[in-house]
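# An overview of the molecular structure
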Amino acid sequence: MRTSATSTESLCFHCGNEIAGELHIHDDKHFCCAGCKGVYQILSQNNLCNYYNYNKTPGQTKDVTEQHFEFLNEPKIFAQLVDYTDQNITLITFYIPAIHCSSCLWLLEHLHKLNQGVLQSRVDFLKKQVAVTFDHNKTSLKELVEVLSSIGYEPLISLQDVVKEKKDSVNRDLIKKIAVAGFCMGNVMLFSFPEYLGLSSFERQFQSLFGWLNLTFAVVVTFYCSRDFFISAWGSLKNRIINLDTPLAIIVAVLFIRSAFEIITGTGAGFTDTLSGLVFLLLMGRWVKQRTYQHISFNRDYRSYFPVAVTVLKDGEEKPTPIGDLNIGDRILIRNNEIIPADSILMKGEGYFDFSFVTGESQPVSKVLGEIIYAGGRQIGEALEMEIVKPVSQSYLTRLWNNETFRTDVSKIRNFNDTIAQYFSAVVLIVAFAAAASWWTLGDTKKAWDAFSAVLIVACPCVLALSTPLTLSTVLGIFDKNGFYLKNTDVVEQLARIDTVVFDKTGTITCPNVVNLTFTGRLSLQEEMLVASAARNSSHPLSREIVKWLGIKEVFPVSVYRETAGKGLVSVIENHEVRLGSRSFIAPGLQGADSSSSVHINIDGQYKGFFNVRQQWRTELKELIARLKSNYRMHLISGDTATEKKSLEEIFPSYVPMLFKQSPHDKLNYIRKLQNNDYKVMMLGDGLNDAGALKQSDLGVAVTDNINNFTPGCDAILQGEELGKIPQFIRQAKNAVDVIKWSFMIATVYNLIGVYFAVQGQLSPLTAAVLMPVSTITIITFTNIANRYFARKNRLR
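Because the structure is predicted, anything quoted here is derived from the model rather than measured. (Residues numbered from 1 in each chain as written. Predicted model: local features only at pLDDT ≥ 70, side-chain atom pairs only at ≥ 80, totals over all residues. Heavy atoms only, no water.)

### Considering the overall build of the chain
For the chain, the count of helices and strands is 27 helices and 28 strands. Evaluated residue by residue, the chain yields a buried proportion of 52% over its 797 residues. In the chain, the share of contacts with a sequence separation of at least 24, taken over all contacts with a separation of at least 6, comes to 68%. As displayed, the chain has an accessible area near 36,500 Å², and 54% of this comes from carbon and sulfur atoms. (Helix = DSSP H or I, 4+ residues; strand = E, 2+ residues; numbered from the N terminus. Buried < 20%, exposed > 50% of the residue type's maximum accessible area, 1.4 Å probe, protein only. Contact = heavy atoms within 4.5 Å. Areas by Shrake-Rupley, 256 points an atom, 1.4 Å probe, with all protein chains shown as cover.)

Put into C-alpha cells, the structure is as follows:
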C-alpha cells in the first residue's frame, strides 16, 4: 500500500504553488499548470511583467475551464449591472475576490494596456472592488470580463449584484454629526481661551460676543448633534425603562440650560466647551461601536450563491436568460460546474451533482433521467438539459433560506451596558434630585442648582458610553489580525458567555480540497504513467488528486477518451485500455458496497486495485478538542453520512454526541433544544444547510478558507486555518468583559467621591466638568493597555 508521492522540484513562477503534476515551461520559467502559464504569456505579450516585480509569485492558481459570459450581452442584464452609461461611456464596479496585494492593484489599474476600450480603472483595495470606465463602442461588457478572467481576476457576479439591496455599512448621518460636533467644539475652545487664560481689559469688551458665539454653537450641538440621545431617552421612558442614553440626554440638557442662562444673564461663561467636547466624544464612541468590516458580508442570502443568468434552450437556440425571467416548463442547459437555479427534472444526460453546500453530504450524487434535481446542486461532468418544475422563488434552496423557522425571534445575549445602565441611571438621577431637593428645602436655591448640576456631571455615564465600545473595538482589531471577523462589538460579549460548542463536519473541521488518498493494490511505473495520463484529462476533482498523488511528470498521449459522469472514464493510451471509476463500472463482480469515495483501476481487462479517499481533518483539530473538553460542552451534527464516525471517535471524547444525516431543520431544532436547557451555544458551520442553526445559536460562526467566498448569514467569520485559536478568542472576550467591569468599578469609586462633595455643594459644576473628561481619558487608557496585555497573554497577534 502506498500513501504519498510528492514532487518538490520547483515552485510555480506565477502562483508560488508546488509543482506536483506536469511541468509547464515558458521563457525558462516553470509553471504548475497551463492556466498560470497562460496568464504569464498574456502579461508578457502586453509588457506588463512588472506585475511580478512588486511581489514574489503574486498570482493565484488559474484553472483552465470553459467560461460562458454570453449573458453579459443581454441588454436587461447589462442595465442592471452597470452604475452609469450613456451613448459612449459605461461605468461598472466589479467585486474581485482575488485582489490581495500591490501587484494586483498595479495590474488592475493598467487594464487599458490589455484592452483599448478601457479608459480608466480604479481599485478599492479594502473592498476588493475595481471601478472600470470603458467605451462600450470599442469593447463590450462580455469582452471586458473575459479580459479580467484571462489574467486570473474573474469578477464575482451573482444574483445579488442585480438585486441591489446592499445597505451602506457606514452611518453617514452619524459621520456628519461627528464632523459638526468637532467643528463646534474647536470653535468653542478657541472663543473660550480668553476665559481660560484670564481676560485683559481689551478682551473683556469681547466677552459678551464670544459668549453669544459659543451659545450659537451649543444650540447646534444640542439640537442637531445630540438629537439621537434625546430620541433614545424618550423612547426608553415611554417603554418604562431607563437606558444609558437617558442620563446622557439629561446631562446635555442641563449643560445647555445652565450655559444659556449664564450667557444670557451675563453671570458666567457657561459650560459650552464641556458640552461640545462631551457630545463629540460620545458620538465618536457610537461610531466605534457601529464600525464593522466593510469588505466582509455577514448577511448574505441565497442570491449571493445564484448566478445572474442561465442558458435557456428554445427553438433549437441557446439564449442567456436572467434568473428572474425563468418560468415553469423552460428547458435549460447546465454545463460543468454550473449551479442548478431552480428545482428541475433531468431530461438529457447523466447528472453527477455536488450538494455539499446545501445538504452537507460530502460525496457527489448521481441522478438519472426523470429525477427531480433540487436547486443549489452543482453539476460535475457533461452538459445536461433540464426542465424547470418550480420557479426560482419557490425552489428548495430559496425556501430553505426564507423558511420562517429560520427567522428566529430569540434575542441575543444582553450586553453589560444594557444590564447596568438602568440601575446606574436610576441611582444617579435619584441622588441628583435628592441633593437638589435638600438644598432647596434649606432655602439655598443656588446650591440646589449647583449640586444638581455637579452630581449629574461628575457621575456622567460617559465612562460606560466610551470605554465599552473602545474596549470591544480594540478586541475586534486583535481578532482581525488573527483571522476572526466579528459582525460588531456586541458579539464580543456574546462570545464571552459561550459554554457550549456545536461543530458541523464537512467543510468546518475538514480541509476543503485536501484529501487523504491511499491505494490498495499494485501498479508498475508504466501503469502509473497510464493512469496519470488518463486521469489528467478528467474534470473530476478526484482525478486531479490522483494525478497529484502519483507525481508523474511525463505522460503519454491519449488516443481515445470517453467519460461518463457518475461512473468513470475509458481511454486508450499507447494501445492499452485504461478504465477508472466506480466499482460497479470497473469491476461489477467485485464483492462489497460501491462507494463514491473509491476509484477503481482496470488496465487491459485486469483489475489493479483502487484508490480510497478519506476526508482530511484540520491539523489543529485534535489540539482544539483537547483544550475545549475541560471547560465546554461539545456536540457534532452533520448532514453527511456516518462513514467517518470511527475516525471522529478517536478525536472527540466518548461523551460527545455525534449526529449524522441531519437536515437543516434537525440542526436548528437541536440548537433550540440546547438553548431550552439554558446553554449558551456557539455553532460552527460553513454551508447553506447550517444557515438556520447559525441564526438560532447565541453565536453563529461561519468557517471558511476564503473570507470572500459565499458564507451563510452569521455573527462572525473565521478563517479555517485559525480554527485552533477558538479557546484563545473566548478567553480574550472574557478578559475584555472583565476589563469593562473593572473600569466600571474604578469609575464608581471616583463617582462616589465626587458625588460626596457634590451633594454638599462643595464641588462646583466647573470643577466637575474638568474632572469628568480626565477620569474618562484615564479609564480609556487603562482599558487599552489591559486589552493589549491580555492579547499577549493569550498568544494572539
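### Some words on helix α1 (residues 34-45)
In an α-helix, one full turn covers 3.6 residues, which means residues spaced three or four apart are oriented alike. The terminal C-alpha atoms of α1 lie 16 Å apart, and with 12 residues this matches the ideal 16 Å at 1.5 Å per residue to within 8%. Looking only at α1, the buried set comprises G35, C36, G38, V39, Y40 and L43. Where α1 terminates, the next one or two residues include N47, which has phi positive at roughly 55 degrees. (Expected span 1.5 Å × (residues − 1).)

### Re the pairing of strand β17 (residues 500-503)
Taking every second residue as pointing to the same face, both faces of β17 are buried, with T500 and V502 on one and V501 and F503 on the other. Here four bridges tie β17 to strand β24 (residues 633-637), and the two strands are oriented parallel to one another. Across the sheet, residue T500 finds its bridge partner in β24, namely R633. For β17 and strand β26 (residues 681-685), the ladder comprises four bridges, and the chain directions are parallel. In the strand pairing of β26, V501 is matched with M682. (Pairing = 2+ DSSP bridges.)

### So, the environment of K138
Within the secondary structure, K138 sits in the loop between β6 (129-135) and α5 (141-150). The spatial distance from the C-alpha of K138 to the C-alpha of Q116 is 7.5 Å, given a sequence separation of 22 residues.

### Description of empty space enclosed by the protein
Across all of its chains, the model carries two cavities of 30 Å³ or more by this definition. In this structure, the largest cavity encloses a volume near 40 Å³. Lining the largest cavity we find H14, Y51, P58, G59, Q60, A98, H100, I151, G152 and Y153. Classifying every residue of the lining of the largest cavity gives five nonpolar, five polar and no charged. (1 Å grid on protein atoms, 1.4 Å probe; cavity = no way out; pocket = protein on both sides within 12 Å on 5 of 7 lines; lining within 4 Å. Points joined across faces, edges and corners; volume = space filled by probe spheres on them. Nonpolar A, V, L, I, M, F, W, Y, C, P; charged D, E, K, R; others polar.)

### Re the packing of helix α11 (residues 245-265) against helix α16 (residues 445-458)
Contact geometry for α11 and α16: axes closest at 10 Å, N-to-C directions at 140 degrees. Of the possible angle classes, the one that applies to α11 and α16 is oblique. Remark: the crossing between α11 and α16 carries left-handed chirality. Of α16, the residues touching α11 (which contributes I250, I251, V254, L255, I257 and R258) are W449, D450, F452, S453, L456 and I457. Residues belonging to the contact of α11 with α16 are distributed by class as follows: nine nonpolar, one polar and two charged. (Axes fitted to C-alpha atoms, helices over the stretch in contact; angles between N-to-C directions. Parallel < 35°, antiparallel > 145°, perpendicular 65-115°, else oblique. Left-handed = near helix turned anticlockwise from the far one by under 90°.)

### What to know about the environment of N137
Along the chain, N137 turns up in the loop between β6 and α5. Distance from N137 to G117, taken between C-alpha atoms, is 7.9 Å for residues 20 residues apart in sequence. Separated by 3.5 Å, the side chain of N137 and the backbone oxygen of Q87 make a polar contact. (Polar contact = N/O pair within 3.5 Å; in protein donor to acceptor, adjacent residues only side chain to side chain.)

### Section: the sheet that holds strand β3 (residues 84-85)
As summarised here, the arrangement of the four strands in space is β3-β4-β6-β5, forming an open sheet in which the pairing is antiparallel. Every interior strand has two partners, whereas the edge strands, β3 and β5 (118-124), have only one. The pairing of β5 with β6 spans six bridges and is classified as antiparallel. Bridge pairing in β6 places R122 opposite A131. Contacting β4 (89-95), β5 and β6, α5 crosses the sheet at an angle of about 40 degrees to β4.

### A few points about the environment of E18
Within the secondary structure, E18 is located in the segment before β1 (24-26). When its relative accessible area of 34% is taken as the criterion, E18 is described as partly exposed. Taking the C-alpha atoms as reference, E18 lies 9.2 Å from F31; in sequence the two are 13 residues apart.

### Structural notes on the packing of aromatic side chains
In the structure shown here, the tally under the stated rule is 19 aromatic pairs. With 6.2 Å between their ring centres and 40 degrees between their planes, W742 and F790 make a pair best called tilted. Residue W742 is located in helix α26 (residues 726-759), and its partner F790 is located in helix α27 (residues 765-793); the two are separated by 48 residues in the primary sequence. Here the guanidinium or amino end of K29 rests over the ring plane of F13, the centre of that ring lying 5.3 Å away. Geometry around Y224 places K177 over its ring, the cationic atom sitting 5.8 Å from the centre. (Phe/Tyr/Trp six-rings, centres within 6.5 Å; stacked < 30°, edge-to-face > 60°. Lys NZ or Arg CZ within 6 Å of the ring centre and 35° of its normal.)

### A short note on the nonpolar core
Core analysis: the biggest nonpolar cluster contains 50 residues, and L255, L275, V279, L282, L283 and L456 have the highest contact counts within it. The element contributing the most residues to this core is α11, with nine residues. (Core = buried A, V, L, I, M, F, W, Y, C linked by side-chain atoms within 4.5 Å.)

### Brief notes about helix α22 (residues 621-628)
Of the residues making up α22, those classed as buried are L621, L624, I625 and L628. Down the axis of α22, the buried side of the element spans an arc of 95 degrees, and every buried residue falls inside it. In α22, the exposed residues that point more than 90 degrees away from the buried face are K622 and E623. (Arc of directions from axis to C-beta.)

### Some words on a nonpolar patch on the surface
Together, W742, M745, I746 and F782 make up an exposed nonpolar region whose accessible area comes to about 380 Å². With three residues, the single largest contributor to the nonpolar patch is α26. (Patch = residues over 30% accessible without salt bridge, like charges linked within 9 Å, V, L, I, M, F, W, Y side chains within 5 Å. Salt bridge = Lys/Arg side-chain N within 4 Å of Asp/Glu carboxyl O.)

### A look at unusual backbone geometry
At K661, a position not held by glycine, the phi torsion is positive, near 55 degrees. By the element assignment, K661 lies in the loop between β25 (658-659) and α24 (664-676). In this structure, D678 is a non-glycine residue whose phi angle is positive, near 70 degrees. With a relative accessible area of 61%, D678 lands in the exposed category.

### A look at the sheet that holds strand β14 (residues 378-379)
Sheet architecture is open: three strands sit in the order β12-β11-β14, paired in antiparallel fashion. Where the open sheet ends on each side, the last strands, each with one partner, are β12 (365-367) and β14. Where strand β11 (residues 351-354) and β12 come together, three bridges link them in antiparallel fashion. In the sheet register, G351 faces β12, and the bridge partner there is K367.

### Regarding the pattern of salt bridges
Under the definition given, this model contains 18 salt bridges. Residues D325 and K76 are paired through a salt bridge, measuring 2.9 Å at the closest nitrogen-oxygen approach. One end of the pair, D325, is in the loop between β8 (317-322) and β9 (331-334); the other, K76, is in helix α3 (residues 75-81), and 249 residues separate them in sequence. Each of D173, K177 and D228 takes part in salt bridges that share partners, so that together they form one network.

### Brief notes about the pairing of strand β20 (residues 568-573)
Across the six residues that make up β20, a large majority, five, are buried. Here strand β19 (residues 558-564) pairs with β20 via six bridges, running antiparallel. Bridge pairing in β20 links R562 to V570. Here β20 runs beside strand β21 (residues 576-581); their pairing, made up of six bridges, is antiparallel. Considered in β21, the bridge of V572 is made with E577.

### A look at the confidence of the model for the chain
Counting all residues, the mean pLDDT for the chain is 80, and 82% of those residues have values of 70 or more. Segment residues 1-8 is flagged for pLDDT under 50; beyond a separation of four residues in sequence, or across chains, it makes 20 contacts in the model. A low-confidence stretch, residues 407-411 stays under pLDDT 50, and its non-local contacts, those more than four residues away or across chains, total six contacts. (pLDDT = per-residue confidence, 0-100.)

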